[in-house]
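Observations on chain architecture
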Amino acid sequence: MEKEEICQYFNDIIKDEKDVSAGMAAIRTLLKVLEYSKSETVQELRYCLQNAIDAMRSTENPVTAIASGSELFLRFITLATLDTPSFAECKGIMLHRGKMFYEKLVAARGKVAKVAAHFIKDGSKILTHSKSRVVLQAMKEAVESNKIFEVYVTCSSPDNSGEEMYENLTKLGLSCTLILDSAMGYVMEQVDMVMVGAEGVAESGGVINKVGTYTMAMCAKEVKKPFYVLTESFKFSRIYPLNQVDLPNEFKYTASTLKKDLQKEHPLVDYTPPHYISLLFTDLGILTPSAVSDELIKLYL
């Protein structure tokens with residue numbers, strides 16, 4: 001597959017399947033590239049897959065989940081290259097492992113949602129930021145368990161993705177209020193907890209998410225409200241930013257924005273340090289931020 005075909009296939013998944021995240025779309029695209037690759041050696045195949053990852057990273061989509069998901073995918077499937085006598089057999093095993101990996105990730109969101117839903121009690125008031133598929137799924141699980149609770153959702157500038165989240169929550173029959181981003185401090189003292197998703201989780205246990213998440217976490221810490229992050233483990237990434245500036249620019253801006261004067265551009269995501277996070281609900285279980293590095297080591301063993 002050529003670069004244009006890869007980008008088109010990847011973008012079509014995101015455009016046509018609203019329930020599929022950029023990270024999941026990236027893994028599906030890599031599976032398609034692996035299936036149709038005409039490479040004749042393992043080295044050529046790896047080169048082909050890396051070119052596909054670079055192509056997807058050049059699109060106007062969040063890079064964080066693409067980077068972490070693709071890296072884990074490559075690690076998982078290339079374990080098959082160790083003991084195979086022929087390339088054809090090796091490629092077949094890689095494709096099989098790749099499909100297994102994807103199926104595991106499809107189930108991951110449901111696992112996270114079930115774990116997090118137990119923390120939602122009758123009468124709870126929850127604040128969330130932007131649009132998160134896994135947070136939406138967790139709240140759906142709670143609704144199906146006949147729990148009655150309220151949700152506050154930030155508009156989430158600049159793309160106002162919180163409006164879509166608000167509509168989805170309202171369809172579940174929840175009492176939901178859409179608030180300005182600047183009102184999160186005002187609302188914080190009224191809520192029982194904060195639940196947000198993540199585009200990526202750093203090795204430190206800190207999270208990369210829609211810009212404004214860091215502000216919300218600081219407000220929650222100040223008012224002593226628990227700050228919960230719901231995320232699948234394929235978003236765990238081997239990066240260790242120390243602050244906002246240390247977060248790679250390709251994570252903070254789209255590919256086209258990187259060509260502009262970044263001093264005049266607003267970042268799409270920010271970094272929330274681990275000491276602001278109470279717990280992470282993942283498909284690997286409930287983790288403290290300090291446990292993320294241990295889980296990353298296991299994932300890459």
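Since we're looking at a predicted model, the values are computed, not measured.

Now for the domain arrangement of the chain. In terms of domain boundaries, the chain breaks down into domain 1 (3–109) and domain 2 (111–300). Centre-to-centre separation of domain 1 and domain 2, based on C-alpha positions: 26 Å. At the interface, 24 residues of domain 1 touch 25 residues of domain 2. Here domain 1 and domain 2 share an interface that buries about 2200 Å² over both sides, 55% of which is from carbon and sulfur atoms. Its salt-bridge partner being Arg57, residue Glu250 comes within 2.4 Å of it at the nearest N-O pair. Where domain 1 meets domain 2, there are 14 residue pairs in polar contact (both at pLDDT 80 or more). A total of nine residues in the side of domain 1 that touches domain 2 trace back to one element, the largest contributor, which is helix α4 (residues 63–78). Taken together, the residues of the side of domain 1 that touches domain 2 break down into ten nonpolar, seven polar and seven charged.

This brings us to the sheet that holds strand β5 (residues 200–201). The three strands are arranged β5-β6-β8 in an open sheet whose pairing can be described as antiparallel. Strand pairing shows two members of the sheet lacking a second neighbour, β5 and β8 (269–272), which therefore form its edges. Relative to strand β6 (residues 207–210), β5 runs antiparallel, the two being bridged by two bridges. Considered in β6, the bridge of Gly200 is made with Ile208.

Cut-offs applied
Residues numbered from 1 in each chain as written. Predicted model: local features only at pLDDT ≥ 70, side-chain atom pairs only at ≥ 80, totals over all residues. Heavy atoms only, no water. Domains from an automatic or database assignment. Contact = heavy atoms within 4.5 Å. Buried area = accessible area lost by both parts, 1.4 Å probe. Salt bridge = Lys/Arg side-chain N within 4 Å of Asp/Glu carboxyl O. Polar contact = N/O pair within 3.5 Å; in protein donor to acceptor, adjacent residues only side chain to side chain. Helix = DSSP H or I, 4+ residues; strand = E, 2+ residues; numbered from the N terminus. Nonpolar A, V, L, I, M, F, W, Y, C, P; charged D, E, K, R; others polar. Pairing = 2+ DSSP bridges.

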